[in-house]
Amino acid sequence: MTRRGENPEAEDTRILERIRGLARPPAEPSFREQLRRDFVSGNFGQRPRAIVAAPRRPARFLAWATGLSAAASIAIVLAVLNQPPRWTALPSGGSGHLVVNGLSIPVRDTAELTRRMRPGSRIRLESTEELDLISSGLLAMQLSPGTEMVLPPPPGRWFARGPRGNVTGGLLRVTTGRRFHGARLAITTPDATVHVTGTTLAVIAEPTGTCVCVLEGTAHVAPHQGAMTRVTPGSSCVVARGGQKSKRGEMRDAERPRLVDLRDRMQAVMN
Amino acid sequence: MTNSLHDRTQAGVSSVLDLEGVRRREPEALAAFFDQHFDRVYGLVYRLLGDRHWAEDATQEVFLKLHRAAHTLDPDRDPGPWVTTIAYNVCRDLWRSGAYRLSRHAISIDDPDHGDGAIPPNLKDPERELIASEREGLVQDAIGKLKEPLRAVVVLREYQGFSYEEIASVTGTSPVAARKRYSRALTELGKLLENTFE
């Protein structure tokens, strides 16, 4: 016996000989004559029920529709499960307002603040004290009075893990949580973009430029028209307004205790 | 003469038929048209459906559709591909019907019509004819076990003598896909008929 693979052409020839050797199936003469009469007269008898009921093209359509709806359901479930914890405002001791998309909300009304703060919201802190925001387990941010920014979305659980935020002016301190691992937050200022991949740092957007102070971990700072700089723990990086280069140095003394405090408090709350 | 050559010869003769008469549904023209195409249609649907009863039902449906659509027949073109396409579409609709699928599962091995596809044995050499008949039954069974798209390509190519382009036109696929299906069908048939090569 010849096995296919050893000599496929010979095998095909033998198969074709068998197939071609089949005699033409004969029809019953009575059936043929009856059908001939029907065809010539145009008067056909009762049609077979199975043929009349045969579907036109539902099988493929149903398969596609089922597949698409299943895929859509899976996508919806994944999108829901991927949702990160939303931003939550922690109680603040100061007095004043947080302006969220032009709407002024007292900083002591944490429930309303939490309800109003959506990713992409433009916020400005007009208060006497800092305001802490957390996304449980992922990220904590501290806004200093006078800070104006566009709120970034917290990173998703499996995808959409590269959120972007924007600090127009002021001081923003950030510390990342345990579940931030693998994500990448980009914070843009008028002078540079700061890439955060697991760290505690401060982003200070001043009229003269942007200063990034890193307490622990590393951050990458890229001037809008220059090369990216790696900022190590305990150091800072300054990008002058309109500058193409960054200048490295020691982190600001005033920032160290504030960042340590933020990290310790937020790690206790988040993780 | 092989089946496919026979079919081709028949199709070629169509040009001398009175197709204008068929368009006008004149009885004589319809009778000639029927005689010209019946064996081809019956053979095709029998090979595609693998069962005499279904083949008869499908053949009846094909000629009903041909009669209804006779006025659309182009007298300047060979009606062979048109007839084949209608026959194939009737079979395809049947494949999708629940009744046909159910019957495929319920066919009894005692059904004398099931899958034999053979001409009644010639009594001159009963033993040899019996063996030949059994082998033909095995081949028809193997064709019937192919998945419908593969079966259609084999039947259209081997029993209708169609090119890959013509098969693609009838089955609504591409010539490349038709060629691949044909190759896959031969591989499947090789496995199914492995034990009959001795």
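Draft legend 1. Summary view of the overall build of chain B. A count of helical and extended segments in chain B gives ten helices and zero strands. Listing each helix as α and each strand as β along chain B from the N terminus yields α-α-α-α-α-α-α-α-α-α. Burial analysis of chain B (198 residues in total) assigns 41% to the buried set. Of the contacts formed within chain B by residues at least 6 apart in sequence, a portion of 64% connects residues at least 24 apart.

Draft legend 2. Region of interest: the packing of helix α3 (residues 27–49) of chain B against helix α4 (residues 52–68) of chain B. Residue and element names in this part refer to chain B. Where α3 contacts α4, the two axes come as close as 9 Å, and the packing angle between them is 135 degrees. In terms of axis orientation, α3 runs oblique to α4. Of the two possible hands of crossing, α3 and α4 adopt the one that is right-handed. For the pair formed by α3 and α4, the contact residues are Phe 34, Val 41, Tyr 42, Val 45, Tyr 46 and Leu 49 on the first element and Trp 54, Ala 55, Ala 58, Thr 59, Val 62 and Phe 63 on the second.

Draft legend 3. Focus on the nonpolar core. Formed by 56 residues in total, the largest nonpolar core has its most connected members in Val45(B), Leu49(B), Ala58(B), Val62(B), Ala87(B) and Cys91(B). No other element matches α3(B), which puts eleven residues into this core. Excluding its chain neighbours within four sequence positions, the residues that come into contact with Leu49(B) are Trp54(B), Ala55(B), Ala58(B), Cys91(B) and Leu94(B). By size, the runner-up hydrophobic cluster in this structure holds 49 residues, among which are Leu113(A), Leu171(A), Val212(A) and Val239(A).

Draft legend 4. Main features of unusual backbone geometry. Backbone geometry at Asn101(A) places phi at a positive 50 degrees, although glycine is not the residue there. Relative to the helices and strands, Asn101(A) resides in the loop between β2 (96–100) and β3 (103–106). The exposure class assigned to Asn101(A) is partly exposed, which follows from the 13 C-beta atoms found within 10 Å. For Arg25(B), which is not glycine, the phi torsion reads 55 degrees and is therefore positive.

Draft legend 5. Spotlight on the pairing of strand β5 (residues 131–135) of chain A. Residue and element names in this part refer to chain A. Extensive coverage of β5 is indicated by the burial of five of its five residues. Across the two faces of β5 the burial is the same, with Leu 131, Leu 133 and Ser 135 and Asp 132 and Ile 134 all buried. Looking at chain direction, strand β1 (residues 88–89) and β5 are connected through two bridges and run antiparallel. Following the sheet pairing, Ala 89 is matched in β5 by Leu 133. Across five bridges, the pairing between β5 and strand β6 (residues 139–143) is antiparallel. Bridge pairing in β6 places Leu 133 opposite Met 141. Here β5 hands over to β6 after three residues, with Gly 137 in that stretch at a positive phi of 80 degrees.

Draft legend 6. Structural context of helix α10 (residues 175–192) of chain B. Between its first and last C-alpha, α10(B) extends 25 Å over 18 residues, near the 26 Å set by a 1.5 Å rise per residue. Taken as a whole, α10(B) has its buried residues at Ala178(B), Arg181(B), Ala185(B), Leu186(B), Leu189(B) and Gly190(B).

Draft legend 7. Local environment of the environment of Gly249(A). All names here are of chain A. Its place among the elements puts Gly 249 in strand β14 (residues 246–250). When the 11 C-beta atoms within 10 Å are taken as the criterion, Gly 249 is described as exposed. Look past the residues within four positions of Gly 249 in its chain and what remains in contact with it is Ser 235, Ser 236 and Val 238.

Draft legend 8. Looking closely at the packing of helix α8 (residues 148–158) of chain B against helix α9 (residues 164–171) of chain B. Residues and elements named next belong to chain B. At a minimum axis separation of 10 Å, α8 and α9 run at an interaxial angle of 130 degrees. Considered as vectors, α8 and α9 are oriented oblique to each other. In the crossing of α8 with α9, the sense of the turn from one axis to the other is right-handed. Note on element contacts: α9 touches α8 through Ile 167, Val 170 and Thr 171, opposite Ala 152, Val 153, Leu 156 and Arg 157. Its residues assigned to classes, the contact of α8 with α9 shows five nonpolar, one polar and one charged.

Draft legend 9. Looking closely at the pairing of β3(A). Residues and elements named next belong to chain A. Two elements, β2 and β3, share four bridges in a ladder whose sense is antiparallel. Pairing of Val 99 across the sheet is with Ser 104, part of β3. What sits between the antiparallel neighbours β2 and β3 is a turn of two residues, in which Asn 101 has the positive phi angle 50 degrees.

Draft legend 10. Fine view of the confidence of the model for chain A. Residues of chain A with pLDDT of at least 70 account for 92%, and the chain-wide mean is 88. Put simply, helix α3 (residues 49–52) of chain A is where chain A has its lowest mean pLDDT, 60, and strand β7 (residues 148–150) of chain A is where it has its highest, 96.

Draft legend 11. Broad picture of the confidence of the model for chain B. All names here are of chain B. Mean pLDDT for chain B: 79, with 73% of residues reaching 70 or above. Element-level mean pLDDT values for chain B span from 45 in helix α1 (residues 3–13) up to 92 in α3. Here residues 1–15 is modelled with pLDDT under 50, and outside its nearest four sequence neighbours on either side it reaches 25 contacts, counting other chains as well. Counting interchain partners and residues more than four positions distant, the pLDDT-below-50 stretch residues 108–123 has 29 contacts. We note a pTM of 0.50 for the whole complex and an ipTM of 0.78 for its interfaces.

Calculation notes
- Residues numbered from 1 in each chain as written.
- Chains lettered and ligands numbered in written order.
- Predicted model: local features only at pLDDT ≥ 70, side-chain atom pairs only at ≥ 80, totals over all residues.
- Helix = DSSP H or I, 4+ residues; strand = E, 2+ residues; numbered from the N terminus.
- Buried ≥ 20, exposed ≤ 12 C-beta atoms within 10 Å, placed from the backbone.
- Contact = placed C-beta atoms within 7 Å.
- Axes fitted to C-alpha atoms, helices over the stretch in contact; angles between N-to-C directions.
- Parallel < 35°, antiparallel > 145°, perpendicular 65-115°, else oblique.
- Left-handed = near helix turned anticlockwise from the far one by under 90°.
- Core = buried A, V, L, I, M, F, W, Y, C linked by C-beta atoms within 7 Å.
- Pairing = 2+ DSSP bridges.
- Expected span 1.5 Å × (residues − 1).
- Nonpolar A, V, L, I, M, F, W, Y, C, P; charged D, E, K, R; others polar.
- pLDDT = per-residue confidence, 0-100.

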